Amino acid sequence: MILDCERYSGPCECGREHPLETRLVVVDYGCLNNFDEYMNRCGLTGKRTVLYDTNTYNLPGMVHVRADKEIILEAQGLHSEKDMIEAVIPQLDNPDVIITVGSGTLMDFARYPANKLGIPFVAIPTMASSDGFTANVCSIVIDGQKRSIPMHAPVLVVADLNIISSAPSHLVVSGVADILAKYISLADWKIAHLVSGEYYCERTAAAAQEALDLMLECVDTMHKGGVPDFEAMTMAQMISGLSMQLLGNSRAASGAEHLIAHLVEMKPPRFENANGIHGECVGVGAVICAGEYHRMAALTPKAKPYKPLDEAWVREKFGPLADGILRENEHDCLATFDPQNIVDHWDEIREIIAGIPTAASFAWTLHALGGKYRLSDIGIDESLRDEVLDISTAIRNRLTLARMRRVLDFGG
Ligand SMILES: [Zn+2]
Ligand SMILES: [Zn+2]
């Protein structure tokens, strides 16, 4: 199936243009055999450097596309880390286009250099474990701090289902969780729009919702013991990724639940043993957020005056990472509107929360697929449960309902 990217781009009722750099997304069994045809269709000619890691290069059934230069990175210890990515740039040999074959990490190893060299890149995902493939955001660690930096998106994505459908099942479930998390991220965006007037776009939200709906159907089939619909699951990832391009940020696709994944990657004090791949952590984050949001919805808060994050608290919770966290919160989005707005819109907020599955239902969905759903599943001690959201929301200056708790008093 070929995804009609143009359906999403162009002038919109929200007042923006919504450019898409991705011209063609192909999701099909055996589509790598026609790779050159898709390259031509996108006008991608000239010298090609193709990036693999030692795992993706040797995958059974891998079709190695024509290359002027191949680079095979050692998979062991490969991270989206700035210094590690920059070390690869001199080896690229001045290509006209970079083609990258692998997971989200491999994408960043092409995305970042492509951006730096001002050339296009092409993505050949080998798994549908997250929605980062069609995104134009690079999530990399710079000086120990996880950053989402706006960058180019792939011009062409060729997702061969022969390869994707053979990925280990925990990666498939990770991809499912990353999309189910849109329940939380979309709620966070809608609530932020309601109380602070933050920009909101119906078309982009609808794209994220489309991805969620597609994935829900797939999950339903899997729960009934049916064959997973890899085409629909991969499409859901691609569409969710496009929602990030439409906005130039991950607002529609990443809310409070995603910050648990960032927490796991950053490993502040007491979280040293946290581990898990992106979607797994996001899934656990979604369970935590669903629980907390439904708990809040059952109560009626009063507004509390805004106070900046307490520096001593940040230093205690983040240790050596504290300076970065303090910088991130310098222009706190919580300070940009009257907290009373949240209280005044509480009925509407309750209605939005009512659309989110309960924590138990979320957990059951993930558990039934063999996925991770508890903090302990991702190496976080259950005793940290009450603090997890306070700490994770401080990681990113984005307005979520979880962050709004700082200006709400639920009475005890
Ligand atoms: Zn729009
Ligand atoms: Zn994600």
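Residues numbered from 1 in each chain as written. Chains lettered and ligands numbered in written order. Predicted model: local features only at pLDDT ≥ 70, side-chain atom pairs only at ≥ 80, totals over all residues. Heavy atoms only, no water.

1. Focus on helix H6 (residues 169–180)
Reasoning step 1: Taking 1.5 Å per residue as the helical rise, H6 with its twelve residues ought to reach 16 Å, and the 16 Å between its terminal C-alpha atoms agrees with that figure.
Reasoning step 2: Where burial is concerned, most of H6 is hidden: ten out of the twelve residues are buried.
Reasoning step 3: Of all the positions in H6, only Leu171, Val172, Val173, Ser174, Gly175, Val176, Ala177, Asp178, Ile179 and Leu180 are classed as buried.
Reasoning step 4: Each element contacted by the buried residues of H6 is listed here: helix H7 (182–196), helix H8 (202–223), helix H9 (230–247), helix H10 (256–266), helix H11 (278–297) and helix H16 (359–368). (Helix = DSSP H or I, 4+ residues; strand = E, 2+ residues; numbered from the N terminus. Expected span 1.5 Å × (residues − 1). Buried < 20%, exposed > 50% of the residue type's maximum accessible area, 1.4 Å probe, protein only. Contact = heavy atoms within 4.5 Å.)

2. Structural notes on the domain arrangement of the protein chain
Reasoning step 1: Each assigned domain of the protein chain is listed with its residue range as follows: domain 1 (2–167) and domain 2 (179–409).
Reasoning step 2: Computed from C-alpha coordinates alone, the two centres of domain 1 and domain 2 are separated by 26 Å.
Reasoning step 3: At the junction of the two partners, domain 1 supplies 41 residues and domain 2 supplies 36 residues.
Reasoning step 4: With both chains or domains summed, domain 1 and domain 2 bury close to 3200 Å², and 59% of this area falls on carbon and sulfur atoms.
Reasoning step 5: Contact with domain 2 buries surface across domain 1, with Tyr8, Asp131 and Lys146 losing the most and accounting together for 21% of the total. (Domains from an automatic or database assignment. Buried area = accessible area lost by both parts, 1.4 Å probe.)

3. Focus: the coordination of the zinc ion (ligand 2)
Reasoning step 1: With distances of 2.1 to 2.7 Å, the protein atoms coordinating the zinc ion (ligand 2) are Asp178 (OD), Asp178 (OD), His258 (NE2) and His278 (NE2).
Reasoning step 2: Here the zinc ion (ligand 2) binds four donor atoms, and the angle range of 52 to 140 degrees at the metal identifies the geometry as irregular.
Reasoning step 3: For the zinc ion (ligand 2), all donor residues lie on one chain, and their spacing in sequence is D-x79-H-x19-H. One end of the pair, Asp178, is in helix H6; the other, His278, is in helix H11, and 100 residues separate them in sequence. (Donors = N, O, S within 2.8 Å, 3.2 Å for Na, K, Ca; no water. Tetrahedral: all angles 85-135°; square planar, octahedral: opposite > 155°, others 65-115°.)

4. Quick look at the layout of surface pockets
Reasoning step 1: What the second largest pocket holds in volume is close to 340 Å³.
Reasoning step 2: Lys307, Pro308, Leu309, Asp310 and Arg406 are, among the 14 residues lining the second largest pocket, the residues nearest its centre.
Reasoning step 3: Listed by contribution, the elements that provide at least two residues to the lining of the second largest pocket are helix H17 (385–393) and helix H18 (401–404).
Reasoning step 4: Tallied by class, residues from the lining of the second largest pocket come to six nonpolar, one polar and seven charged. (1 Å grid on protein atoms, 1.4 Å probe; cavity = no way out; pocket = protein on both sides within 12 Å on 5 of 7 lines; lining within 4 Å. Points joined across faces, edges and corners; volume = space filled by probe spheres on them. Nonpolar A, V, L, I, M, F, W, Y, C, P; charged D, E, K, R; others polar.)

5. What about the pairing of strand E8 (residues 145–150)?
Reasoning step 1: Two strands pair when backbone bridges link them, and strand E7 (residues 137–142) and E8 are joined in this way by six bridges, in the antiparallel orientation. Across the sheet, residue Cys138 finds its bridge partner in E8, namely Ile149.
Reasoning step 2: Counted along the chain from E7 to the antiparallel partner E8, the turn is two residues long, and its residue Asp143 has a positive phi close to 50 degrees. (Pairing = 2+ DSSP bridges.)

6. A few points about the coordination of the zinc ion (ligand 1)
Reasoning step 1: Protein-derived ligands of the zinc ion (ligand 1) are Cys12 (SG), Cys14 (SG), His18 (NE2) and Cys201 (SG), with the metal-ligand distances lying across 2.0 to 2.3 Å.
Reasoning step 2: Taken together, the four donor atoms surrounding the zinc ion (ligand 1) define angles of 101 to 119 degrees at the centre, an arrangement classified as tetrahedral.
Reasoning step 3: Positions of the donor residues of the zinc ion (ligand 1) along the chain correspond to the pattern C-x1-C-x3-H-x182-C. There is no split in this pair, since Cys12 and His18 are both buried.

7. Topic: the packing of H6 against H11
For any two helices packed against each other, the geometry comes down to the angle between their axes and how far apart the axes lie.
Reasoning step 1: At a minimum axis separation of 7 Å, H6 and H11 run at an interaxial angle of 45 degrees. The pairing of H6 with H11 is recorded here as oblique in orientation. The handedness of the crossing between H6 and H11 comes out as left-handed. Contacts between H6 and H11 pair His170, Ser174, Ala177 and Asp178 from the former with His278, Gly279, Glu280, Val282 and Gly283 from the latter.
Reasoning step 2: When its residues are assigned to classes, the contact of H6 with H11 shows two nonpolar, five polar and two charged. (Axes fitted to C-alpha atoms, helices over the stretch in contact; angles between N-to-C directions. Parallel < 35°, antiparallel > 145°, perpendicular 65-115°, else oblique. Left-handed = near helix turned anticlockwise from the far one by under 90°.)

8. Regarding the pairing of strand E3 (residues 48–53)
Reasoning step 1: Of all six residues in E3, six are buried; the element is thus mostly enclosed.
Reasoning step 2: Taking every second residue as pointing to the same face, both faces of E3 are buried, with Arg48, Val50 and Tyr52 on one and Thr49, Leu51 and Asp53 on the other.
Reasoning step 3: Judged from the four bridges that link them, E3 and strand E5 (residues 97–102) form a sheet pairing that is parallel. By the bridge assignment for E5, Val50 is matched with Ile99.
Reasoning step 4: Taken together, the five bridges between E3 and strand E4 (residues 69–73) define a ladder with parallel strand orientation. Looking across to E4, one finds that Asp53 is bridged to Leu73.

9. Quick word on the side chain of Ser392
Reasoning step 1: Secondary-structure assignment places Ser392 in helix H17.
Reasoning step 2: Classification of Ser392 by relative accessible area gives buried; the value is 0%.
Reasoning step 3: Discounting residues that sit within four places of it in the chain, Ser392 has contacts with Leu259, Ile260 and Leu263.

10. Description of the packing of aromatic side chains
Reasoning step 1: Within this structure, the stated rule accounts for four aromatic pairs.
Reasoning step 2: Ring geometry for Tyr52 against Tyr57: centres 4.8 Å apart, planes inclined by 90 degrees, an arrangement best described as edge-to-face.
Reasoning step 3: In this structure Tyr52 comes out as buried when scored by relative accessible area, which is 0%.
Reasoning step 4: Classification of Tyr57 as partly exposed rests on a relative accessible area of 22%.
Reasoning step 5: If you follow Arg16 out to its NZ or CZ, it ends over the ring of Tyr199, 3.4 Å from the centre.
Reasoning step 6: We note Arg295 situated over the ring of Phe410; from NZ or CZ to the ring centre the distance is 6.0 Å. (Phe/Tyr/Trp six-rings, centres within 6.5 Å; stacked < 30°, edge-to-face > 60°. Lys NZ or Arg CZ within 6 Å of the ring centre and 35° of its normal.)

11. Re empty space enclosed by the protein
Reasoning step 1: If you walk through the whole model with that rule in mind, you get one cavity of 30 Å³ or more.
Reasoning step 2: Residue lining of the largest cavity: 14 residues in total, with Ala128, Ile164, Val172, Phe230 and Met233 positioned closest to the centre.
Reasoning step 3: Listed by contribution, the elements that provide at least two residues to the lining of the largest cavity are H6 and H9.
Reasoning step 4: Per-class residue counts for the lining of the largest cavity are ten nonpolar, four polar and no charged.
Reasoning step 5: Taken domain by domain, the makeup of the lining of the largest cavity includes at least three residues from each of domain 1 (2–167) and domain 2 (179–409).

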